[in-house]
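A closer look at the structure
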Amino acid sequence: MYTLYYSPAACSVGIHFLLQEMGVPYRASRVSIKDGEQLSPAFVSKNPKAKVPVLEREDGTVITEFPAIAYWLSRTHPDHHLLPETIKGQTRVIEMLEFSVSTIHMQGFSRIFRPAKFTPREEDHPVVQQTGRDIVQKGFERISASIGEGPFAYGDRLTIADAALFFVLFWACERVKLEVPQNCADYFARLRALPSTQHVLQVEGLA
Ligand SMILES: N[C@@H](CCC(=O)N[C@@H](CS)C(=O)NCC(=O)O)C(=O)O
């Protein structure tokens, strides 16, 4: 059985959603960032980067980094079709996943949630946070153009891009309450209504 180390409402909720949607056996182990548990020696011995998500495999080895975990799950469970069949489709899915994680999360939301990581001067925090909001908003304009009106981010099946888009849209729509383009809001509402996301949000205490 896999163990997912997650913190409530962190980016790990995207992997949590993916595992639940796949229906594979896994255990969800809470590491509360709010309480500093990511810095505990027990967790740091699993992931010296002191970040979630972490996926521990049956043999006790771990994978870190959202894109690597999502990619590994998709390749080791090909029957779930979490990557499209074609190279063109796979490339588009990885492009959206990577953009969500590297740009919208790391450059955008990180500035909004943790401005102190970008400047030591507290008086500069509002401007850092505004830059973050601008990056996020521009990011969703790009995503809006990519996803169109389809049920999922790419094609008519769930892919690993949906796992990444789920957490950045969860943050935008429910944590920060930013306006996102209408097709992104509709797409998020569809993901939000899935039994898998309902379950995960319940377990993480976010329902
Ligand atoms: N590049 C990493 C980013 C992971 C990350 O930043 N996780 C945050 C939660 S959203 C975290 O664990 N933060 C703990 C901290 O900053 O102390 C990934 O893709 O997994």
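Analysis parameters
- Residues numbered from 1 in each chain as written.
- Predicted model: local features only at pLDDT ≥ 70, side-chain atom pairs only at ≥ 80, totals over all residues.
- Heavy atoms only, no water.
- Helix = DSSP H or I, 4+ residues; strand = E, 2+ residues; numbered from the N terminus.
- Buried < 20%, exposed > 50% of the residue type's maximum accessible area, 1.4 Å probe, protein only.
- Axes fitted to C-alpha atoms, helices over the stretch in contact; angles between N-to-C directions.
- Left-handed = near helix turned anticlockwise from the far one by under 90°.
- Contact = heavy atoms within 4.5 Å.
- Disulfide = S-S within 2.5 Å.
- Pairing = 2+ DSSP bridges.
- Right-handed = clockwise from strand over helix to strand, strands pointing away.

The protein chain is annotated in an unreviewed UniProt entry as Glutathione S-transferase from Nitratireductor aestuarii.

1. Points about the environment of G60
Among the secondary structure elements, G60 is positioned in the loop between strand 3 (54–56) and strand 4 (62–64). Residue G60 is classed as partly exposed on the basis of its relative accessible area of 41%. A C-alpha to C-alpha distance of 39 Å links G60 and V128, two positions 68 residues apart in sequence.

2. A word on the packing of helix 3 (residues 66–76) against helix 6 (residues 160–175)
The geometry of helix 3 relative to helix 6 is characterised by a closest axis approach of 9 Å and an angle of 145° between their N-to-C directions. Crossing of helix 3 over helix 6 shows right-handed handedness. The residues of helix 6 that touch helix 3, namely those facing F66, A70, Y71 and S74, are I160, A163, A164 and F167.

3. Some words on the state of the cysteines
Taken as a whole and assessed by the stated rule, the structure comprises zero disulfides. Between C173, a cysteine without a disulfide, and C184, which holds the nearest cysteine sulfur, the sulfur-to-sulfur distance is 8.3 Å. Classification of C184 by relative accessible area gives buried; the value is 0%.

4. Concerning the pairing of strand 1 (residues 2–6)
Counting buried positions over the five residues of strand 1 gives five, a clear majority of the element. Of the two faces of strand 1, the one carrying Y2, L4 and Y6 and the one carrying T3 and Y5 are both buried. Both strand 1 and strand 2 (residues 26–30) contribute to a ladder of five bridges, which runs parallel. Each residue of the ladder has a partner; that of L4, found in strand 2, is A28. Considered for its hand, the β-α-β crossover made up of strand 1, helix 1 (residues 12–22) and strand 2 is right-handed. In this sheet, strand 3 lies alongside strand 1 in antiparallel orientation, the contact comprising three bridges. From the neighbouring strand, Y5 faces strand 3, where its bridge partner is V54.

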